[in-house]
Amino acid sequence: MEKVYILGGAQTDFERNWSKEGKNVIALLKEVINSALKNVNLTYEDIKKLNKQNKIAVCIGNFAAEYYINQGHLGPLLTEVNEAFYGVPSARYEAACASGSVAIDSAISKIRLGDYDLVIVVGFELMKTVNAKVCGDYLGRAAIYEREAKGIEFPFPKLFGKLADEYVKKYNLDEERYKENLAKISCINYGNAKRNPNAQTRKWFMNEKQANFRGNPTNEKIGSMLSISDCSQVTDGAAVVVLASENYTKKNKLENKPIIKGYGHRVAPYEFDKKMQESKDNEYILPWTREAVCDAYRRANLSVDDIDLFETHDCFTSSEYMAISAFGITEPGKEYEVIENGTIDFTGSKPINPSGGLIGCGHPVGASGVRMMLDLYKQIANEAGNYQIKNAKNALMLNIGGSATTNYVFIVGK
Amino acid sequence: MKIKEITVVGANGALGVGISAIFASFGDVKVNMISRSMEKSEIAIEKAGNSVKALKVCDNMKPYTYENLEECLKKSDFVIETIVEDFNEKEKIHKKIDKYLKKGAISSSVTSGISINDLSNCYNEENRKNFMGIHFFNPPYSLPLCELIPAKNTDNFVFNYMKDYLAKVLIRKVVVVKDKPAFLANRIGFMFINQAMQYAEKYKDNGGIDYIDTILGKFTGRNMSPLETADFVGLDVHRAIVDNIYENTNDYAHETFKLPNYVLDLIEDGRYGTKSGEGLYRNNDEVYDINTEEYRKKRNYKIDFIDKVIEKFKIGEYEEGLEIILSDSSTESEIYTRFLIDYVVYSLSISKEIAENVFDCDTAMAEGFNWIPPIALLQFIGEDRFKEIAKKYYDTKFINELISKNLKSNYQYEKFLKAKR
């Protein structure tokens, strides 16, 4: 099968609030596309040429622009960025917080088929157009809205709070120790984000004492045992990766660029309670998440031992906790070992989220999957600057939509 | 050398609170907070916790009064004074600090107007080596700039230790500057603001204060227009800063620091700005009219090029927006262009004079004022084009020497240019 290369890309500064700046989605896309093209040495003229031969396409990942910015039909948006996109096949892909990944998945297929040489993948979300409560309600549409979100304030922290409760029960964990582990996960992500010049929280303060200080006005409880410090925060942002075919990289002498070695894509029962019912007798609490990871390992012909770093979907600390065993770093129920002994720290042997993850970077939902892919690219291409993991050869990302309903895994290496 | 416990003298002022919070949070050190009363210190602790959105850090802070100065200093590895900007007051307290300072401990003063070298004379020879100026910006949690000022006798090792500590542990953006009036960021920032005050007077028949603020609004690369900023800072504070620069420096922009008479009148009437309810502005919708000496409703000036520029910025067409400004021939666009050129030129020239590195002016303005960094702005306009315009106002040789090499900013300009008036 055709190899799929990553040429590079760009992201916006996730600290920015585009509504406060008075700017709209076109400004967001223009900036990120311009930086991405510069990063991969492409011009708008190059795009025109490729498009004449019908060799370039665009995949856009976005969750809920219809709600946040009153804009649907997102595929053609890049025609507003530059007329070079006139005629370029382009469509929007949606899978809640995994929208970026489903766009990447589609881009991979287009290249593998041999129909396109270059696919520009854009993920974006502008969320600061509404207040936190309204935003929480919009996000509720990534769950079964009628049963899990309608009329419920901040439905997702509650769903992932439930996951925390179920975890403690299923593996018979000491709840206090589990909560301390979650606080440590939060701090690792905040700490890593300090090295990332595009992270939303790079100037914010968090330490374990504060993260364990749950239930006070500066760290309010928000879903069962989870508090604000356990949550990633919504923000505005866009990310781009440019994927290319073997044919294109050969022609342009770019064969040394990282490639996508494997992927996994599994969908779990939509409703959270049904997930728990289904996995009652399974050793994994979210078996389809684990399955997606295994699929990616199998397709890449790699195992957890080969992976030098992970970018995971820490929408909440409880989801990163779960991911540790899904990756195979520990057995399920034993995640605390690697949290406590430093294995997943920036300097550990299996670093998770050197970028800062969703907790550190911020979580513009439609952009996050693409941002993770961009970070894997940077690590493998040795372009991650201050958050570079030395000698990274293979890296894995997990991007989930809903309450781990859509599960996407990609492995990138050379 | 390791900082485990510190004392903040004058801990209940806005900066004292903010600085205590930064040390107690990022530094995770014990902070002894000294104010005039226990009650003031206790209130300061809660405010500090809230200022970094982490009340748990209050556990690191302890309330004290000046009576406890000796006790606090004897256990502190670092002391920072943030009392009122008055040399005699500061001198008194630094002499006391000198007396009680723990051996090897570092001492510092937060000031924007007083000479660090003069203050260093309060210390004995040994302690003087460990004394320096640290200028934080308010509020420190959102404005991470720290200007670090060595005195003549400051020990290099101690100074570099502090520089490293501020940058790596406290996550500050540190620039090292010479002991010159107002240091770097305020020298540049208050030049701009005071010049805006002067222009408001010059163009008082066009509307004055709100007219100039409209021309230099958010779309020019800031969160708040300059005269609104002056009200926010306090006109009395503004006066202290520009008077100090006017009296103690003599560069080519000297007259730009002269406070206009109408501002003096406002100060004499106790109209200091936001903190006293009125200043250049009153409430949200009124402005001081320099001609009538009365407040009137703010005007919505119809200035075509501004609306056009904002429409361009809104969709991310920054260069097209710039073209509109530079090709417009209205009085307003000329005023804007003049300010933009003066800002960049003065930043470069002062940075060369008092900073370690010419790029420090970018750090200073971005991290201390949230203004568009001057070198990023210069790059946005383009060096050649900038020089061409600047030659209208400045000596060609001066400009060529100032912009003599390829200056490349570490900052991007886009986020500073708001699509707003």
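Criteria and thresholds
- Residues numbered from 1 in each chain as written.
- Chains lettered and ligands numbered in written order.
- Predicted model: local features only at pLDDT ≥ 70, side-chain atom pairs only at ≥ 80, totals over all residues.
- Heavy atoms only, no water.
- Pairing = 2+ DSSP bridges.
- Helix = DSSP H or I, 4+ residues; strand = E, 2+ residues; numbered from the N terminus.
- Salt bridge = Lys/Arg side-chain N within 4 Å of Asp/Glu carboxyl O.
- Buried < 20%, exposed > 50% of the residue type's maximum accessible area, 1.4 Å probe, protein only.
- Contact = heavy atoms within 4.5 Å.
- Nonpolar A, V, L, I, M, F, W, Y, C, P; charged D, E, K, R; others polar.
- Domains from an automatic or database assignment.
- Buried area = accessible area lost by both parts, 1.4 Å probe.
- Polar contact = N/O pair within 3.5 Å; in protein donor to acceptor, adjacent residues only side chain to side chain.
- Right-handed = clockwise from strand over helix to strand, strands pointing away.

Novice: Help me out: how do you make sense of the sheet that holds strand β9 (residues 281-282) of chain B in this one?
Specialist: Strand pairing in a sheet is mediated by backbone hydrogen bonds. Such pairs are either parallel or antiparallel. Residue and element names in this part refer to chain B. One open sheet holds the 3 strands; their spatial order is β9-β10-β11, and the pairing between them is antiparallel. Both outer strands of the open sheet, β9 and β11 (294-297), are each paired with one neighbouring strand and no more. In this sheet, strand β10 (residues 286-289) lies alongside β9 in antiparallel orientation, the contact comprising 2 bridges. Within the sheet, the bridge partner assigned to Tyr281 lies in β10 and is Val287.

Novice: In this structure, what is going on with the pattern of salt bridges? I would like to understand it.
Specialist: Counted by the stated rule, this structure contains 53 salt bridges over all chains. A salt bridge links Lys415 of chain B to Glu15 of chain A; the nearest nitrogen and oxygen atoms lie 3.6 Å apart. Here Lys415 of chain B, found in the segment after α19 (396-402), pairs with Glu15 of chain A, found in the loop between β1 (4-11) and α1 (18-21), and the two come from separate chains. A salt bridge links Asp77 of chain B to Lys102 of chain B, with the shortest nitrogen-to-oxygen separation between them at 2.7 Å. You can see Asp77 of chain B sitting in the loop between α3 (69-74) and β4 (78-81) and its partner Lys102 of chain B sitting in the loop between α4 (87-100) and β5 (106-109), a full 25 residues away along the chain. Overall, Asp77 of chain B belongs to the buried group, its relative accessible area being 14%. By relative accessible area, Lys102 of chain B is classed as partly exposed at 30%. Look at the salt bridges and you will find they share partners, linking Asp13, Glu15, Arg202 and Lys203 of chain A together with Lys415 of chain B into a network.

Novice: Hey, could you run me through the interface of chain A and chain B in this one?
Specialist: When the parts of a complex come together, some accessible area is lost, and that lost area is often taken as the interface size. In this complex, chain A contributes 25 residues to the contact, which on the side of chain B involves 27 residues. In this assembly, chain A and chain B are joined by 4 salt bridges. With 4 residues, the top contributor of residues to the side of chain A that touches chain B is helix α2 (residues 25-39) of chain A. Partitioning the side of chain A that touches chain B into residue classes produces 6 nonpolar, 7 polar and 12 charged.

Novice: Would you explain unusual backbone geometry in this entry?
Specialist: Peptide bonds are trans in most cases, and residues, glycine excluded, mostly fall at negative phi. With an omega dihedral of -5 degrees, the bond running from Asn138 of chain B to Pro139 of chain B counts as a cis peptide bond. In the Ramachandran plot, Ser224 of chain A falls in the positive-phi region, its phi being about 50 degrees despite a non-glycine side chain.

Novice: Can you walk me through the domain arrangement of chain B in this structure?
Specialist: All names here are of chain B. Assigned domains within chain B: domain 1 (5-176) and domain 2 (185-416). The centre of domain 1, based on its C-alpha atoms, is set 31 Å off from the matching centre of domain 2. With 12 residues of domain 1 at the interface, the matching set in domain 2 holds 14 residues. Note on domain 1 versus domain 2: buried area summed over both sides is about 990 Å², and carbon and sulfur give 56% of it. Inspection of the domain 1/domain 2 interface yields 1 salt bridge. Close ionic contact of Lys163 with Glu356 constitutes a salt bridge, the shortest N to O distance being 3.8 Å. At the junction of domain 1 and domain 2, the tally comes to 4 residue pairs in polar contact (both at pLDDT 80 or more).

Novice: Even after reading the chapter, I still don't get the pairing of strand β2 (residues 30-35) of chain B, so can you show me in this structure?
Specialist: Here is the key point about a regular strand: its side chains alternate between the two faces of the sheet. Residue and element names in this part refer to chain B. Among the 6 residues of β2, 5 are classified as buried, and the element is accordingly described as predominantly covered. Direction of pairing for strand β1 (residues 5-9) relative to β2: parallel, over a ladder of 5 bridges. For Glu5, the partnering residue across the bridge sits in β2 and is Lys30. Remark: the β1/helix α1 (residues 14-25)/β2 crossover connection has right-handed handedness. Pairing of β2 with strand β3 (residues 61-65) involves 5 bridges; the strand directions are parallel. For Ile34, the partnering residue across the bridge sits in β3 and is Tyr64. Crossover β2 to β3 through helix α2 (residues 38-51) is right-handed.

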